[in-house]
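Each chain is listed here by its residues.
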Amino acid sequence: MKKKSPRNEHGPRHVTPAGRSVFRDLFSATEAEELEIRSALLIGLGRWLANSRMTQVEAAKSLGITQARVSDLKRGKINQFSMDLLVRLASRAGLRPKLQLAA
């Protein structure tokens, strides 16, 4: 017989509204902004990897990193990459990263 887990009658403690970054709920404003930029770069590189149809070894050679680092990119390990490295990798992939400032 399967044991039922008790339900939380109060529901979730917090839900991030649609369209809002979860980083803003978890980190200071400056940390959240950096994580959002790093996330955008990581997502772009992940799409490039998927669309390139290269093996991880081929992608590693193209980007100038190890196959293990390509695996970290594909798995979205944001804490493994600094913003400057992600910008360099995006540039090597031909993605032409740009920064836009808003007031």
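Above this text sits the structure in question.
Below or above, wherever it landed, is the structure these notes cover. Predicted model only: the values in this text are computed from it and were never measured.

1. Focus: the pattern of salt bridges
Thinking step 1. Scanning the model with the defined rule gives four salt bridges in all.
Thinking step 2. Here Glu 34 makes a salt bridge to Arg 38, at a shortest N to O gap of 3.5 Å. You can see Glu 34 and its partner Arg 38 sitting in helix α2 (residues 29-52), four residues apart, about one turn around the helix.
Thinking step 3. Asp 84 is paired through a salt bridge with Arg 88; the nearest N and O atoms lie 3.0 Å apart. Separated by four residues within a single helix, Asp 84 and Arg 88 lie in helix α5 (residues 83-92), roughly one turn from each other.
Thinking step 4. The exposure class assigned to Arg 88 is partly exposed, which follows from its relative accessible area of 40%.
Thinking step 5. Salt bridges sharing partners connect three or more residues here, namely Arg 24, Glu 33 and Glu 36.

2. As for the nonpolar core
Thinking step 1. Leu 45, Leu 63, Leu 73, Phe 81, Leu 86 and Leu 89 are the most contacted members of the largest nonpolar core, which totals 21 residues.
Thinking step 2. Take this core: its biggest share by element is seven residues, from α2.

3. Concerning α5
Thinking step 1. Of all the residues in α5, the buried ones are Leu 85, Leu 86, Leu 89 and Ala 90. Axial view of α5: buried residues confined to an arc of 135°, hence all on one face.
Thinking step 2. Among the structural elements, α2, α3 (56-63) and α4 (67-74) are those in contact with the buried residues of α5.
Thinking step 3. Positive backbone phi, approximately 80°, marks Gly 94, located one or two places after α5.

Cut-offs applied
- Residues numbered from 1 in each chain as written.
- Predicted model: local features only at pLDDT ≥ 70, side-chain atom pairs only at ≥ 80, totals over all residues.
- Heavy atoms only, no water.
- Salt bridge = Lys/Arg side-chain N within 4 Å of Asp/Glu carboxyl O.
- Helix = DSSP H or I, 4+ residues; strand = E, 2+ residues; numbered from the N terminus.
- Buried < 20%, exposed > 50% of the residue type's maximum accessible area, 1.4 Å probe, protein only.
- Core = buried A, V, L, I, M, F, W, Y, C linked by side-chain atoms within 4.5 Å.
- Arc of directions from axis to C-beta.
- Contact = heavy atoms within 4.5 Å.

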